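# Observations on chain architecture
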Amino acid sequence: MTLTFPPGFLWGAASAAYQVEGAAQEDGRTPSIWDTFSHTPGRVLAGDTGDVAVDHYHRFRDDVRLMSELNLGAYRFSVSWSRVQPTGRGPAVQRGLDFYRSLVDELLGAGIQPVLTLYHWDLPQELENAGGWPERETAERFAEYAGIVAGALGDRVEFWTTLNEPWCSAFLGYGSGVHAPGRTERLAPLRAAHHLNLAHGLGAQALRAALPARAQIAISLNPAVVRPLSDKPEDLDAQRRIDALANRVFTGPMLRGAYPTDLIKDTDSITDWSFVRDGDLAVIKHPLDALGINYYTPSLVAAGTDNEGSPARHDGHGASDHSPWPGSEQVAFHQTPGERTEMGWAIDPTGLHDLLMRYTREAPGVPLYITENGAAFDDKPDAEGAVHDPRRIDYLRDHLAVAHQAIADGADLRGYFLWSLMDNFEWAYGYSKRFGAVYVDYQTQARVPKSSARWYAQVARTGELPAA
């Protein structure tokens, strides 16, 4: 049976600056925390860096032509803060802004809507040297940066996202240390989470002041689908704890203007939350024009036991001796049964439906977008140079089917962004994991659309999801 999406449904693909741009030292750009992290021995698999990545900085016109061939209605990209404002303070580097001006013009000329993310994890290193996201000033600097980018591109970009996956920035960057800047602390992730929330609110205010009224302001979260291993009280409590740290630490202040009382209690041995100042919560609860949801796989949790080893060993976020779950380090993560991607993540589309319906209830009146969804598989060209990836087609079809069902169930879902447009630098996994619909030969930078890209192009052109 063919499923038809509503007219005007937005079909897109996504990327992030450090993963695709390259040109790490060109036109005034200075190091971000990911430059520093990837150049630190032992941090990234095989010593890979984003110095060149897939050279999108120089090849963006060809890449936009490729997007057009794939019938994309939108391209979600992020701006490199240190390309625009190298120290995280002061005036912009116009050469950096010129790149994004040219990219946006190229997209609009091809009839592709630019969807701009201000922050996708690449904090200017100078701001990290001053303390990074655990410090309040970083949120204030972000608002200044948001105003600069809005002033440069606000006449042409109508869809703005403040932050991408602030959970990863806070808890993987400052807790488990598997993401930049690689710090392994207990208090810092909670302080960082609050200041990322504050950055969102201050940034949204700055955008609203600079942008035309028609502009949409959103945030992209990666809410966890947290399921208990059993219905035992201790496992249900483990679920509650992780839900607080993964989800409600952001949606509490953003949607309701308050941090969850259970989160504050769970972490009272670490902090009294005095870093939350009067007025902060009102700023964070800035009205959203849309909510972006990134989904890949669910989490399965239980109360920790002595034979579990490291309690967080199956949380899917990389190996570390340090937990990204401050105050709930005792929670054990278990492997969700079923088929897995190359990331080791279970393939379970039902989690996407769960999230869409959850935020339909929790954020009534706020349109939803799936701003990331996709899978890594071991894609290789065949003898003729073609790249066939039937497992990715199955993955996309199954997740789009539950998205369609969510619309039927009442979700105001307005768009879907495939992660990712191209194979690229996959953070601490380097170039070892391929998420792209387009294959990239990293030696030659040749782009080869995989069979999934052609399949998705047909879906984007017709708005119809064919039966398997």
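Please read these numbers as outputs of a predicted model, since none were measured by experiment.

Conventions adopted
Residues numbered from 1 in each chain as written. Predicted model: local features only at pLDDT ≥ 70, side-chain atom pairs only at ≥ 80, totals over all residues. Heavy atoms only, no water. Core = buried A, V, L, I, M, F, W, Y, C linked by side-chain atoms within 4.5 Å. Buried < 20%, exposed > 50% of the residue type's maximum accessible area, 1.4 Å probe, protein only. Helix = DSSP H or I, 4+ residues; strand = E, 2+ residues; numbered from the N terminus. Expected span 1.5 Å × (residues − 1). Contact = heavy atoms within 4.5 Å. Pairing = 2+ DSSP bridges. Axes fitted to C-alpha atoms, helices over the stretch in contact; angles between N-to-C directions. UniProt positions renumbered as here; feature names shortened; annotations may be inferred. Salt bridge = Lys/Arg side-chain N within 4 Å of Asp/Glu carboxyl O.

## Remarks on the nonpolar core
Counting residues in hydrophobic clusters, the biggest one holds 157 residues, and the most contacted among them are Trp34, Trp133 and Trp160. Top contributing element to this core by residue count: helix α9 (residues 187-210), with ten residues.

## Brief notes about helix α15 (residues 451-462)
Because an α-helix packs 3.6 residues into every turn, residues spaced three or four apart end up facing the same way. Over its twelve residues, α15 runs 17 Å from end to end, which matches the ideal 16 Å to within 8%, given 1.5 Å per residue. Considered for burial, the residues of α15 that qualify are Ser452, Ala453, Trp455, Tyr456, Ala457, Val459 and Ala460. For α15, the elements touching its buried residues are β2 (10-14), α3 (56-69), α14 (390-408), β12 (413-419), β14 (447-449) and β15 (464-465). Phi for Gly463, located one or two positions after α15, is positive at around 70 degrees.

## What about the pairing of strand β8 (residues 290-294)?
Where burial is concerned, most of β8 is hidden: five out of the five residues are buried. Alignment of strand β6 (residues 216-221) against β8, held across four bridges, turns out to be parallel. Looking across to β8, one finds that Ser220 is bridged to Gly292. Sheet analysis places β8 next to strand β11 (residues 368-373), joined by four bridges and oriented parallel. In the strand pairing of β11, Ile293 is matched with Ile370.

## Describing the environment of Trp419
Along the polypeptide, Trp419 turns up in strand β12. Remark: the alpha-carbon pair of Trp419 and Tyr75, spanning 344 residues in sequence, is separated by 11 Å.

## Remarks on the sheet that holds strand β5 (residues 159-164)
Overall, parallel pairing links the eight strands, which are arranged β2-β3-β4-β5-β6-β8-β11-β12 in a closed barrel. Sheet twist, expressed as the average angle between the axes of neighbouring strands with direction ignored, equals 25 degrees. Against the sheet, helix α7 (residues 136-153) contacts β4 (113-119) and β5, and its axis sits at roughly 160 degrees relative to β4.

## Notes on the UniProt feature "active site" (unreviewed entry) in the chain
In the numbering used here, UniProt assigns the feature "active site" (unreviewed entry) to Glu372. Relative to the helices and strands, Glu372 resides in strand β11. With residues near it in sequence (within four places) discarded, Glu372 still touches Arg76, His120, Asn164, Glu165, Ile293, Asn294, Tyr295, Tyr296, Phe417 and Trp419.

## Remarks on the sheet that holds strand β7 (residues 226-228)
What the three strands build is an open sheet, ordered β7-β9-β10; its pairing is mixed. Looking at the sheet topology across the chains shown, the edges are occupied by β7 and β10 (331-334). Within this sheet the neighbouring strands show an average axis-to-axis angle of 40 degrees, counted without direction. With four bridges joining them, strand β9 (residues 299-303) and β10 adopt antiparallel strand pairing. Bridge pairing in β10 links Ala303 to Val331.

## Let's talk about the pattern of salt bridges
A full pass over the atoms with the stated rule returns 42 salt bridges. Between Arg227 and Asp348 there is a salt bridge, with its nearest N and O atoms 2.8 Å apart. Placement of the pair is Arg227 in strand β7 and Asp348 in the loop between β10 and α13 (350-362), with a sequence separation of 121 residues. Residue classification places Arg227 among the partly exposed residues on the basis of a relative accessible area of 23%. Within the structure, one salt-bridge network assembled from shared partners comprises Asp237, Arg240, Arg241, Asp243, Arg248, Arg256, Asp262, Asp266, Arg358 and Glu362.

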